[in-house]
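Next come the chains, spelled out residue by residue.
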Amino acid sequence: MVHVFLIHTLRATKAEEGLCRVLYSCFFGTENSPNDPQPHGAERDRLLRKEQILAVARQVESMCQLQQQACGRPAVDLQPQSSDDPVRLHESPCGAFRLTAGDPFQEPRTVVWLGVLSLGFALVLNAHENLLLAEGTLRLLARLLLEHLRLLVPTANLLLRADCIEGILARFLPHGQLLFLNDQFVQGLEKEFSAAWTR
Amino acid sequence: MSQGCEADSGHRAGAALVTFRTPDPGGVRDAQEHVLLWGLQGDQQQVRSLGQRVLKVLESRQPEGPSLRHLLPVVSKVTSLAPDALHEEQTRALSKRLGDWLRYASVQQGVAHSSGGFFSTPRARQLGPVTEVDGAVATDFFTVLSTGQRFTEDQWLNVQAFSMLRAWLLDSEPGGSGAPDADDKSELEGSTRSVLSATSTASHLLPPQEWLREKAFEYCQRLLEQSNRRALRKADSDLQKAVSARRAGGRAGARSLAQLPLSGLLGSPQCLVEAVLVLDVLCRQDPSFLYRTLSCLKALHTRLRGDPAWVRALLPVAQFFLHHGEAAAVDADAVYQHLFSRIPAEHFHSPMLAFEFVQFCRDSLPLFGRNLGVLRTSFPNLFKFLAWNSPPLTSDFVALLPSLVDAGTAVEMLHLLLDLPCLTAALDLQLRWAPLLTASALSPPLLAPGRSCSLPSRASLCTSSPPPDGSPGAQPVFHSAVQPPRPFRVSLQLLAGSGHRDVTVTSTLVSPWPVGTVRAGAESSFGWPGPEPTSEPSLGSLSAHRSLQAASERPPWDVSIRAPGCLEAFRDSQAQGLFQHLLRAQASGTVERLTPLYRLLQPLAGCARVVQCAEAVPTLLRAFFSAVTQIADGALASQLALLLLERSDSLYQVPGYEAGVHRVLSSQFPALCKLHPPLVVEHAKELLEFVGGPRSGGHVLTSVVWAIGEYLSVSWDRRCTVEQINNFFEALEALLFEVTQSRPSTTLPKCPPQVITVLMTTLTKLASRSQDLIPRVSLLLSKMRSLAQSPATGSMPGEEDAGAVRTRATELLNLLKMPSVAQFVFTPSVEVSEPRYHRDTNTALPLVLRTVSRLVEREAGLLPG
């Protein structure tokens, strides 16, 4: 079960170094806190979630950066050479790390991330998920999002297209459920999505 | 931009409505279900009521209802949020239906609705039966691996049901308090059920929960069979290629994203992993499945271990044997041996596998039991993951170390931890030049006696494998060990031992580096004959490279760093033994001095990966010491203390590494002495050598000098003699003179004041124990005081530091004026640390402390300036 899906910036420009921006996030359900008998206000919960997401995004950014450095790939590598260049999703840096209980989520979680050019995609998972499936799903989502939202075209505005992202998530990650989709199922869902979206 | 996030989060946190769009024959229309899910705010009551509503919808529909598949994930979510959301009756009913969906989905493809053009009416066309992954007509029931062009609703439900199966089995399991009757029944019926369930005719009589387990079991068996089918037949890889080509052709215009590898499950072990995990759950919940599962999992393991593309599926298999090996009386040693000896050595460069492997070790710790020894002796192999992927794995290893540390291997482990950056560099070298090294490793001096080979020279191997065509747009290989297209092949006959082996050096079209593939009937054992049969057989083993090829097209090392000298080093006969030791798979029980390697690997010390690893080592060392001090006896503590001294100036030279390590070592040396105080007396000779020898950093020296002052005393060890004290005094006196007054060159850094003050204090302590030395130390201290008053002339540090030295010298001088008080203050008896000495104002200690501080303050007040 996926707890959170998020998209954030990787390696902001020099002027904004250290600023990691969350572009999109989606919580699939909330964490119950047995220690807090009193339900908190929605605003407090919202801020808490925002902090949690940002904490994850920052960690993903630094993990990605460290991995790129270790492989000797410069930061420039994250920028598309030209808009016609193929996006080599299978070559994109990806990895996983563990979040211990209480930091920032109450339960221990696993984060699977994928860095595509200047965007980071991440899934925050329950501790004992099928990581292979999660990795495959993340790549699939990244491909769909890049393709349908044309994220890498300079004029693309991801922030204004949350409904499209939700349309994709609702089909390929319904309520945070990782699905075993073979290629034909993926195509079926893509058609369904395209039909619903272009209508 | 951050507002976007905020706005979005706000949207999510509020009462977001999820709309289900369901397809129907007439097109796509929005269904009416609006489910309030995200506004839950953790309110269990709301989750339950939501669960009830969804269940009602589910129950009210026919099994073929068009939108059921959208509701199943909601049910899954609800049960994960509130396990008690569904009544027992509902759980049973749903279990029954899940079983049906899993097992009895249609094996005919869905109906294709072609509009038939502008004029004709829509017409339906049956597409025939679904097919297996290899294109053959399905031989058995539908699974997530069955393919077709269109799918029916129950096939979608099949996919949904399998996706949520494991979580459902775990969540819906009757808990201890939930339904005790179910447990009792299962125990009673245990023996008969296994007979019953073997016959499918009787299985519909089973209670729903067991029905579901039975169907889940059949489903997993079928998945195993299907994945086996794929591995056996070549046709499927062709299918894979065909699908890729079709997709690429179909969307030629739409960026080259279309050239991405298959996103679906073909050729991916995801399903296999899940099937094994589900089988594991089933066997845990109902041991009667065990005997039916074991044989196929053994066969599966045998099949998987030979194929690097499926390596990640080996972890759940091993986990299964960990859970059930004992119950089934299976000796799973071979499974663990293979897991720990080969996988880390060959796949250390895969970040995901490394993470999963370490997670597996961490999560399975309580289960290892008598097999913990295998895990412990495999630490050199496990550290390869750490050395290569230190940023994400450091915290996991910090958690893992207490279980890995064992009195028998602690010394070896500490050596390896200190050599971790060097290991990173060696692994880098191994990956870079694996194909070349194979050639070199096969050169006659390295072959075991009795082996001979006829190989082309390294040069010919290199030159004979350029990419046959330079086109950069090669088809990527993704999650698969499929041979690269059009391999360029050099077949070599290698007479090794009993049989011939076939070495194939292939090159993918894009790779700038030669990729080697080993096709050897036996487990590859080229290269250096290892000392243990289970150890990673060679540095130059191509299998690491082969798995690399399967995982990624880009090299995981820094291509900008070129270190041709290192390759030569790798082939140097003296260094080979050391490399072999460093890259060993298991604890060898021996320790090698790797100093020659540090020099050879120096060109790689600047690699970012090596530096990252070096940054992680201090944290790991702290974790190691906090674990080892729990188990160390006196002998081990002495051994470790000596090791600290020895290694403090014998480290791989990575920028900033030595300073970081010294900080940890200096804090750990006193801790080890405290653990076993007599070690100072026992190893007086080594300590004297250390303080008299060449030194690099001040940290370790400070702590060693402090420990000498603290523990070189009769009260800690009766064997301490006056002669020993005098010897140390002389050595330290010389050292103090050296650091303060004789600085051979002004370019050398000034001695830190901590070293000077600790030296003075230690000398005073020693003098208080051998009172003949008091006049000598008094003279020395007054000299130090006067030296500190005119810092410009000597090698004394700045004014502030000189002030500290001056104050300390004055205090010590004052104390020495009353030798008996000095002795009490400097060598307190062990009981002094007991609480009563500090609570009771009438006992001697507070009294003495007051007296002393009065004395010290008074004298300090009289100081000039």
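Quick caveat, the model's predicted, so the values are computed rather than measured.

Here we take up unusual backbone geometry. Residue and element names in this part refer to chain A. With an omega of -5°, the peptide bond between D103 and P104 qualifies as cis. With respect to the secondary-structure elements, P104 resides in the loop between β3 (94-99) and β4 (109-116). In the Ramachandran plot, L117 falls in the positive-phi region, its phi being about 50° despite a non-glycine side chain. Residue position: L117 is located in the loop between β4 and β5 (119-126). Residue L117 is classed as buried on the basis of its relative accessible area, which comes to 17%.

Another point: the packing of helix α2 (residues 44-60) of chain B against helix α4 (residues 88-103) of chain B. The description of two packed helices rests on the angle between their axes and on the distance between the axes. All names here are of chain B. Two numbers describe how α2 lies on α4: the axes approach to 12 Å, and their chain directions differ by 45°. If you check the angle between α2 and α4, you find them oblique. In this structure, the crossing between α2 and α4 has a hand that is left-handed. Of the residues in α4, those in contact with Q52, L55, L58 and E59 of α2 are Q90, L94 and R97. Taken together, the residues of the contact of α2 with α4 sort by class into three nonpolar, two polar and two charged.

This paragraph deals with the packing of helix α18 (residues 410-418) of chain B against helix α27 (residues 634-647) of chain B. Residue and element names in this part refer to chain B. Here α18 crosses α27 at 25°, and the two axes come no closer than 10 Å. Here α18 is positioned roughly parallel relative to α27, judged by the angle of their axes. Once α18 is placed against α27, the crossing between them reads as right-handed. Of α27, the residues touching α18 (which contributes A410, V411, L414, H415 and L418) are L636, Q639, L640, L643, L644, E646 and R647. By residue class, the composition of the contact of α18 with α27 is eight nonpolar, two polar and two charged.

Turning our attention to helix α17 (residues 390-404) of chain B. All names here are of chain B. The terminal C-alpha atoms of α17 lie 17 Å apart, and with 15 residues this falls more than 12% below the ideal 21 Å at 1.5 Å per residue. Taking the largest bend as the criterion, α17 deviates by roughly 40°, centred on F397. Restricting attention to buried positions, one finds in α17 the residues S390, P392, L393, T394, D396, F397, L400, L401, S403 and L404.

Okay, the pairing of β4(A) next. Consecutive side chains along a regular strand alternate between the two faces of the sheet. Residues and elements named next belong to chain A. Most of β4 is tucked away: eight of the eight residues are buried. Side chains R109, V111, W113 and G115 of β4 all project onto a buried face; the interleaved residues T110, V112, L114 and V116 project onto the opposite face, where all are buried too. When β3 meets β4, the two strands line up antiparallel, connected through six bridges. From the neighbouring strand, R98 faces β4, where its bridge partner is T110. The pairing of β4 with β5 spans eight bridges and is antiparallel. Within the sheet, the bridge partner assigned to G115 lies in β5 and is G120. A loop of two residues connects β4 with β5, the two strands running antiparallel in sequence, and L117 in this loop sits at a positive phi of about 50°.

With that out of the way, let us pick up the sheet that holds β5(A). Residues and elements named next belong to chain A. Pairing is antiparallel across the open sheet formed by five strands, whose spatial order is β2-β1-β5-β4-β3. For this open sheet the edge positions go to β2 (22-27) and β3, each flanked by a neighbour on one side alone. Averaged over all pairs of adjacent strands, the angle between their axes in this sheet comes to 15°, without regard to strand direction. On the sheet, helix α2 (residues 131-149) packs against β1 (2-9), β3, β4 and β5 and is oriented at approximately 145° with respect to β5.

Cut-off values and rules
- Residues numbered from 1 in each chain as written.
- Chains lettered and ligands numbered in written order.
- Predicted model: local features only at pLDDT ≥ 70, side-chain atom pairs only at ≥ 80, totals over all residues.
- Heavy atoms only, no water.
- Helix = DSSP H or I, 4+ residues; strand = E, 2+ residues; numbered from the N terminus.
- Buried < 20%, exposed > 50% of the residue type's maximum accessible area, 1.4 Å probe, protein only.
- Axes fitted to C-alpha atoms, helices over the stretch in contact; angles between N-to-C directions.
- Parallel < 35°, antiparallel > 145°, perpendicular 65-115°, else oblique.
- Left-handed = near helix turned anticlockwise from the far one by under 90°.
- Contact = heavy atoms within 4.5 Å.
- Nonpolar A, V, L, I, M, F, W, Y, C, P; charged D, E, K, R; others polar.
- Expected span 1.5 Å × (residues − 1).
- Bend = angle between axes of the 7 residues up to and from the residue.
- Pairing = 2+ DSSP bridges.

Interpretation note: all reported values are geometric properties and have no functional meaning in isolation.
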